[in-house]
Protein chains: 2
Amino acid sequence: MLNKDELIQKIEKQRDLSRAAILTMTTLSESGHPGGSMSCIDMLLSLYHTMNVDPLNPHKEDRDMLVVSNGHISPAVYTALACSGFVKLEEAVSEFRLANSIFEGHIEPAVPGVEWASGNLGQGLSAACGFALAGKMKQINNQIYVIMGDGEQQKGQISEARRFAKKYQLNNMTCFIDYNQLQINGDIHQVMPQDIISNFKSDGWEVIEINGHCISEILDAIDKAKSVDAPVMILAHTVMGKGVSFMENKEKYHGSTLPKADCLRALEELKVDFDFNHYENLRKEAIVSCNRSEYPVKEDNMISLTDSPIRVYTKSTDNRSAWGNALEDIAKMNHDSKTKLAVFDCDLMGSVKTNGFQKEMPENFFQAGIMEHHTAVCAAALSKMNVQTFFADFGVFGIDETYNQHRLSDINETNLKVINTHVGLDVGEDGKTHQCIDYVGLMRNLYHFQVIVPADPNQTDRAVHYAAMHQGNVVMAMGRSKLDILTKENGEVFFDENYTFKYGKADKLREGNDGALLVMGTLAGNALKVVDQLAQEGIKLELWNVSCPVKADEEMLSSIAQKKIVFTYEDHNVNTGLGSIVADQMMNRSLFTKLVKFGVENYACSGTAEDVYKYCKLDIDSLTDRIKTSLNR
Amino acid sequence: MLNKDELIQKIEKQRDLSRAAILTMTTLSESGHPGGSMSCIDMLLSLYHTMNVDPLNPHKEDRDMLVVSNGHISPAVYTALACSGFVKLEEAVSEFRLANSIFEGHIEPAVPGVEWASGNLGQGLSAACGFALAGKMKQINNQIYVIMGDGEQQKGQISEARRFAKKYQLNNMTCFIDYNQLQINGDIHQVMPQDIISNFKSDGWEVIEINGHCISEILDAIDKAKSVDAPVMILAHTVMGKGVSFMENKEKYHGSTLPKADCLRALEELKVDFDFNHYENLRKEAIVSCNRSEYPVKEDNMISLTDSPIRVYTKSTDNRSAWGNALEDIAKMNHDSKTKLAVFDCDLMGSVKTNGFQKEMPENFFQAGIMEHHTAVCAAALSKMNVQTFFADFGVFGIDETYNQHRLSDINETNLKVINTHVGLDVGEDGKTHQCIDYVGLMRNLYHFQVIVPADPNQTDRAVHYAAMHQGNVVMAMGRSKLDILTKENGEVFFDENYTFKYGKADKLREGNDGALLVMGTLAGNALKVVDQLAQEGIKLELWNVSCPVKADEEMLSSIAQKKIVFTYEDHNVNTGLGSIVADQMMNRSLFTKLVKFGVENYACSGTAEDVYKYCKLDIDSLTDRIKTSLNR
């Protein structure tokens, strides 16, 4: 173990070498962000040398963690990781930004030592909150660090994260701001005047100001922050392009690289022994053969939870309550489980039915207020730490408002369960602004999110058990109203005690050969009534409930392709939901039959769900008429 | 004109009547938000009585404007508007939250006097900034007011709006916070501790504290705020449920209504002459026959701009530059136009090519920093005020990050042009987090947004002219790279000086009968090369450029349906873009032919666009091979 002076010496030796590497890799790739990398490198080196991390075991549970929110300083991160033994400098420099290399333009967790993929600014502090919560929940005495840019402070989500950190006393978190006072379009005070220190203090944070290029000050600040019983922001005064006279304090170098001649001049000025030509040759020959599976993105995250008994509902119930009950049931079984449970709420506990869980496990319930952007990211980060994490919200907030947060979580291979209630016109009197009629239309864009839209309380119950025991991102969507229990022809419960939810499987509710009707979610009960009524009139439709609209059910597709007409029926934008996906799935398989889609054709009015359905011709009578008209009956 | 004492008397008379109306309408509809309505009503009445507004001409240009950000206090808004002659109290009470009534659960601009539909919290201050900018740009000496909730202050977007207002010295803006200290889940200090005053002061705002139920203090504060040369926040201490003893300070009444018996008890306590039974009967008979067209949502917003000459490019150019040039060209023609131009940038001026406009019209260029959520809403609000407004950004910020803001703008029938660059894998080395591969997949969910993806600089030029002269929401998407000029078979420029962009029209680039290839955006040049090469080999494909993927081109659909195979080719998520829309459009019309989709199948790596396309099998060679394989050639 080095004493402080030795450590300072070591870092001071590495930093100019690092700057040389930063310049070389950006010059060789003719792209990337040298300026901020050079202003951050002293902090990064200091952190990696003092954090409790192990390059041979980068995912060890009690490690300190660093979230780099300004992911464009990847050259500095790779270099600092190389100096700490996580990666090889030659690989990083020669492969930087080459297709299929792990050394991407913005950092991603395929690189050992990188905890969180960033690049869209303003999210890192939220992710760090999630990691800090994990430390608290597991009673690991670790430290979570964040580096952010100064321009980035303009993003509102950071203020949300600050408040959350303060409320939950995340005193195990320290955040550095690279205060070089330049952003892409110039002086931060010109682009968007802001008093960053006042902003942080106004949210109850402690602030330390340092010279971000003085290793001794950096190390002292890291030490001091540990002893403060509050989240700490360290405002590090730095210089963009630090170390090279002609780059310093020039915003141009945020995203511009040096031509080779200038780079060589810069290396000379840095007075380090760094062989540009060697790296240039390496890069020319670079074959990116990286086997990404060597670098697991996911934590060792085997879910260890005990499933609870299921519930079978026989009386009309809202799916929301079924979700809340199942969650509470599972919580009761898992007070001492290795995998923890966590639930995040944004001031809608009663409506999204997380109050049962909150009573059962108050310590695992996080009331995040009206701060959805922060919550989505914080919950996602926590979900990577072997904490089975649920974020429950209204659809318009849990999906529409936070889509981009989920996109980045998906890239981060998180394990988040996003539970959305009040989707569709079923939201009723709250009207247009609250109509989440794009929950499938949005989430089908994210490659690794499973999308589940249960049809009744029994299917909801079983789907929640599935999600709770499953590793990976899941979004569930449910309406507001009480729903009838779906039944078999003989009147028995359809999703009975023998039913197990299987992701991607559609449910055949009725047989029939005059056509097929596919329904999703809230409207399944209506569909069943219509089909049973039509059967009385001699019109027999095959009825399928599609609870996993994004995944094709081959059996269903083969079957409906045999029918002369297929109807789809959904409380969702008719252009982007079940109907459009089925059209796509059929065309992809060259399965051709007449398809008629019933869904929401415009922003709709405010009223009881029943009335709104009528106005949109999605009620039982309208559906019956529309089907008969299509069948010429 | 009343003197101050007379005005106070008048408002004090109206306020208890208003509270009776609020309670009656929420009780009758058995839904809605009485608590906050009762804490806000004194402010609302005071504002409508002092603002320069005219119920007979609610859209007059020099009017003062009020944005109600906490749109759930609609009962209070409708009542206050009734007291000021904008609407009829009987209609508001009897139709509140009935399907197809303009008196929706959350306010919308179909109601005369309502300026902005709200309901998703945290956006109102941004909208008000847009209106305040309009006042400044038009040199109308008007005042813009905002009412917000206190729980709402947790939303990060509000901090962005504060900074913008301060930077642009929006001293014509005054914001009230209904500080009743309760939100849905209880005490705001418990749900999410926050020092609201410090937050505002830390962003340079002036703060006035008042008793929000003392009319005299409210009126004084309104006066005082006018004289302060900065944006002003008035923290109004209020009481949730104010005026009814058993409702006061109970968070339950945020969203719970009184049963009839309690409502009658409350009316008694309010000591007003308010005939509950009369309204109850009216409501029973209420036929919502409202002709919404009586209430135009849109401003008298006839665009009065002079179009500039077009440009014809003959050399490889990036679409970004073509957009920037066209914008600059149009600006040059319109220094004195009645319709103003405005451009918003989020710290990416050089990359999104708005620097030419910035030089030409610096006063109309708004540098909003890294604050996309605020910017999307602020720009949209401004676009309603006969200011032709462009918001330019990278796709991941201008679409993915701000989708929900655009959704609400669409509901608000704004006139925003969202110009997105760097979409697709064409973003290159910036990698996964910057890959906007869902620009169509998201925007196709919004009913009134036109979606344009131009194929080359010439089409971009013409599409920008179209958007600039067009009334309504438009999103444009373009990549980063320089693109070849699309040509006719004889080598002449395809989109030549005779070409006019027509929304919804696809462009037939080549004739052929062996199949059809549909391409969108950046990859059009590749497609053309492949088709011309295949033609040499005797394989003739009909090639269509689809620049408006969301709108069906019937001529194209009929034509491709005649082919034995149709290929789609896009730099977009293959599940949600051009290919999936074409599948949907064909199925909707029972046009059946084999469809093969080429697009992005997963989050991709970081590298030069060319290399990344190769890895994703979207480069020229891969496309050729894949087409030949499908054709068994």
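## Overview of the overall build of chain A
And step 1. Regarding its fold elements, chain A presents 24 helices and 20 strands.
And step 2. Taking 633 residues into account, the globule formula puts the C-alpha radius of gyration at 26 Å, and chain A, at 28 Å, falls close to it.
And step 3. Taking the principal axes of its C-alpha atoms as reference, chain A extends roughly 90 × 50 × 45 Å.
And step 4. Classification of the 633 residues of chain A by burial places 69% in the buried group.
And step 5. The contacts in chain A between residues at least 6 apart in sequence include a share of 79% that link residues at least 24 apart.
And step 6. Accessible surface for chain A amounts to roughly 20,100 Å². Of this, 45% is attributable to carbon and sulfur atoms.

## Topic: helix H6 (residues 157–167) of chain B
Residue and element names in this part refer to chain B.
And step 1. Most of H6 sits out of view: 10 of its 11 residues are buried.
And step 2. Those residues of H6 lying buried are Gln157, Ile158, Ser159, Glu160, Ala161, Arg162, Arg163, Phe164, Ala165 and Lys167.
And step 3. Just downstream of H6, Gln169 is the residue with a positive phi angle, here 50 degrees.

## Side note on the relation of the copies chain B and chain A
And step 1. When chain B is brought onto chain A, the operation consists of a screw motion whose angular component is 180 degrees and whose axial shift is 0.0 Å, with 0.0 Å RMSD remaining. Taken together, the turn and the small shift mark the pair as related by a two-fold rotation axis. Among all C-alpha atoms of chain B, that of B:Gly156 lies closest to the rotation axis, at 1.9 Å.
And step 2. A shared interface surface links the copies, since 100% of the contact residues of chain B are contact residues in chain A too.

## A closer look at the nonpolar core
And step 1. Among the nonpolar cores identified, the biggest contains 314 residues, and A:Phe164, A:Met173, B:Phe164 and B:Met173 are the most heavily contacted of them.
And step 2. Residues contacting A:Phe164, with those up to four places away along its chain left out, are A:Cys129, A:Leu133, A:Leu170, A:Phe344, A:Phe366, A:Ala368, A:Met371, A:His374, A:Cys378 and B:Met192.
And step 3. Grouped together as the second largest cluster of nonpolar side chains are 66 residues, A:Leu7, A:Met38, A:Tyr78 and A:Ile218 included.

## Considerations on the sheet that holds strand E11 (residues 387–394) of chain B
Residue and element names in this part refer to chain B.
And step 1. In space, the 6 strands of this open sheet follow the order E10-E9-E11-E12-E14-E13, with parallel pairing throughout. Each of the sheet's edge strands pairs with one partner strand only, and the pair in question is strand E10 (365–367) and strand E13 (450–452). For this sheet the average axis-to-axis angle between neighbouring strands, irrespective of direction, equals 20 degrees.
And step 2. Of the strand pairs in this sheet, E11 and strand E12 (residues 416–421) are connected by 6 bridges, and their pairing is parallel. When the bridges of E12 are listed, Ala392 appears paired with Ile419.

## A few points about the packing of aromatic side chains
And step 1. Inspection of every chain in the model, using the stated rule, returns 37 aromatic pairs over all chains.
And step 2. Arranged with centres 5.0 Å apart and planes meeting at 80 degrees, the rings of A:Tyr78 and A:Phe103 form a pair that is edge-to-face. In this pair, A:Tyr78 is assigned in helix H3 (residues 74–83) and A:Phe103 in the loop between helix H4 (89–95) and helix H5 (124–137), connecting sequence segments 25 residues apart.
And step 3. When its relative accessible area of 0% is taken as the criterion, A:Tyr78 is described as buried.
And step 4. Ring geometry for A:Tyr466 and A:Phe501: centres 5.1 Å apart, planes at 50 degrees, overall tilted. Here A:Tyr466 is found in helix H19 (residues 457–469), whereas its partner A:Phe501 is found in the loop between strand E15 (482–483) and strand E16 (507–510), with 35 residues between them in sequence. Neither residue differs from the other here; A:Tyr466 and A:Phe501 are each classed as buried.
And step 5. Members of the aromatic cluster, joined through ring pairs, are A:Phe164, A:Tyr168, A:Phe344 and A:Phe366.
And step 6. The ring of B:Phe200 is capped by B:Arg162, whose NZ or CZ atom sits 4.5 Å from the centre of that ring.
And step 7. Just above the ring of B:Phe246 sits the side chain of B:Arg265; from NZ or CZ to the centre is 4.1 Å.

## Things to note about the interface of chain B and chain A
How big an interface is tends to be expressed through the accessible area that disappears when the partners come together.
And step 1. If you look at the interface, chain B gives 110 residues, while chain A gives 110 residues.
And step 2. Both faces combined, the contact of chain B with chain A buries some 8,500 Å², and carbon together with sulfur accounts for 51% of it.
And step 3. Taken together, the connections running from chain B to chain A amount to 14 salt bridges.
And step 4. There are 72 residue pairs in polar contact (both at pLDDT 80 or more) connecting chain B and chain A.

## So, the packing of helix H2 (residues 34–50) of chain B against helix H3 (residues 74–83) of chain B
Think of two packed helices as two axes; the pair is described by the angle between the axes and how far apart they sit.
Residue and element names in this part refer to chain B.
And step 1. Running from N to C, H2 and H3 point in directions that differ by 30 degrees, and their axes come no closer than 9 Å. Here H2 is positioned roughly parallel relative to H3, judged by the angle of their axes. Here the hand of the crossing between H2 and H3 comes out right-handed. Within the contact between the two elements, H2 uses Ser37, Ile41, Leu44, Leu45, Tyr48 and His49 and H3 uses Pro75, Ala76, Val77, Ala80, Leu81 and Cys83.
And step 2. Here the contact of H2 with H3 is composed, by residue class, of 10 nonpolar, 2 polar and no charged.

## As for the environment of A:Leu509
All names here are of chain A.
And step 1. Secondary-structure assignment places Leu509 in strand E16.
And step 2. According to the relative accessible area criterion, Leu509 is buried, its value standing at 5%.
And step 3. If sequence neighbours within four positions are ignored, Leu509 has contacts with Leu486, Phe494, Leu528, Leu543 and Asn545.

## Description of the pattern of salt bridges
And step 1. In total, this model carries 66 salt bridges over all chains according to the counting rule given.
And step 2. A:Lys155 is the partner of B:Glu401 in a salt bridge, and the nearest nitrogen-oxygen pair spans 2.7 Å. With B:Glu401 in the loop between helix H16 (395–400) and helix H17 (403–411) and A:Lys155 in the loop between strand E2 (144–149) and helix H6 (157–167), this pair bridges two chains. Each member of the pair, B:Glu401 as well as A:Lys155, is classed as buried.

## Section: unusual backbone geometry
Residue and element names in this part refer to chain B.
And step 1. The backbone phi angle of Asn249 is positive, close to 60 degrees, even though this residue is not glycine.
And step 2. We note that Lys271 has phi near 55 degrees; this positive angle belongs to a residue other than glycine.
And step 3. Secondary-structure assignment places Lys271 in the loop between helix H10 (260–270) and helix H11 (276–285).
And step 4. Judged by its relative accessible area of 74%, Lys271 is exposed.

## Considerations on the pairing of strand E1 (residues 65–68) of chain A
Residue and element names in this part refer to chain A.
And step 1. Alternating positions in E1 separate into two faces, Met65 and Val67 on one and Leu66 and Val68 on the other, with burial throughout.
And step 2. When E1 meets E2, the two strands line up parallel, connected through 4 bridges. Looking across to E2, one finds that Val68 is bridged to Ile147.

## Structural notes on the sheet that holds strand E16 (residues 507–510) of chain B
Residues and elements named next belong to chain B.
And step 1. Read across the sheet, 5 strands follow the order E16-E18-E17-E19-E20 without closing on themselves; strand pairing throughout is mixed. Edge positions in the sheet fall to E16 and strand E20 (594–600), since each has one partner strand and no second. When strand polarity is set aside, the average angle formed by the axes of neighbouring strands in this sheet is 25 degrees.
And step 2. Where strand E17 (residues 516–520) and strand E19 (residues 565–573) come together, 5 bridges link them in parallel fashion. Each bridged residue has a counterpart across the sheet, and for Val519 the counterpart in E19 is Tyr569.

## Overview of the side chain of A:Glu152
And step 1. Here A:Glu152 shows up in the loop between E2 and H6.
And step 2. For the buried residue A:Glu152, which engages in no salt bridge, the nearest side chain bearing the opposite charge is A:Lys155, 9.0 Å off.
And step 3. Only 2.8 Å separates the side chain of A:Glu152 from the backbone nitrogen of A:Gly122, close enough to count as a polar contact.
And step 4. In terms of polar contacts, A:Glu152 uses its side chain to reach the backbone amide nitrogen of A:Gly149, at 2.9 Å.
And step 5. Ignoring sequence-local partners within four residues, the contact set of A:Glu152 consists of A:Ser69, A:Asn70, A:Leu121, A:Gly122, A:Gln123, A:Ile158 and B:Ile370.

## Structural notes on the confidence of the model for chain A
And step 1. Looking at chain A as a whole, its pLDDT mean stands at 96, while 98% of the residues score no less than 70.
And step 2. With pTM at 0.97, the complex prediction returns an ipTM value of 0.97.

## Side note on the side chain of B:Arg462
Residues and elements named next belong to chain B.
And step 1. You can see Arg462 is positioned in helix H19 (residues 457–469).
And step 2. Its relative accessible area of 4% is what places Arg462 among the buried residues.
And step 3. Once residues within four sequence positions are removed from consideration, Arg462 is found in contact with Ile310, Arg311, Val312, Phe495, Asp496, Glu497, Tyr499, Thr500 and Phe501.

Criteria and thresholds
- Residues numbered from 1 in each chain as written.
- Chains lettered and ligands numbered in written order.
- Predicted model: local features only at pLDDT ≥ 70, side-chain atom pairs only at ≥ 80, totals over all residues.
- Heavy atoms only, no water.
- Helix = DSSP H or I, 4+ residues; strand = E, 2+ residues; numbered from the N terminus.
- Rg over C-alpha atoms; globule rule 2.2 N^0.38 Å.
- Buried < 20%, exposed > 50% of the residue type's maximum accessible area, 1.4 Å probe, protein only.
- Contact = heavy atoms within 4.5 Å.
- Areas by Shrake-Rupley, 256 points an atom, 1.4 Å probe, with all protein chains shown as cover.
- Least-squares fit on C-alpha atoms with pLDDT ≥ 70 in both.
- Core = buried A, V, L, I, M, F, W, Y, C linked by side-chain atoms within 4.5 Å.
- Pairing = 2+ DSSP bridges.
- Axes fitted to C-alpha atoms, helices over the stretch in contact; angles between N-to-C directions.
- Phe/Tyr/Trp six-rings, centres within 6.5 Å; stacked < 30°, edge-to-face > 60°.
- Lys NZ or Arg CZ within 6 Å of the ring centre and 35° of its normal.
- Buried area = accessible area lost by both parts, 1.4 Å probe.
- Salt bridge = Lys/Arg side-chain N within 4 Å of Asp/Glu carboxyl O.
- Polar contact = N/O pair within 3.5 Å; in protein donor to acceptor, adjacent residues only side chain to side chain.
- Parallel < 35°, antiparallel > 145°, perpendicular 65-115°, else oblique.
- Left-handed = near helix turned anticlockwise from the far one by under 90°.
- Nonpolar A, V, L, I, M, F, W, Y, C, P; charged D, E, K, R; others polar.
- Lys, Arg positive; Asp, Glu negative; His and termini not counted.
- pLDDT = per-residue confidence, 0-100.

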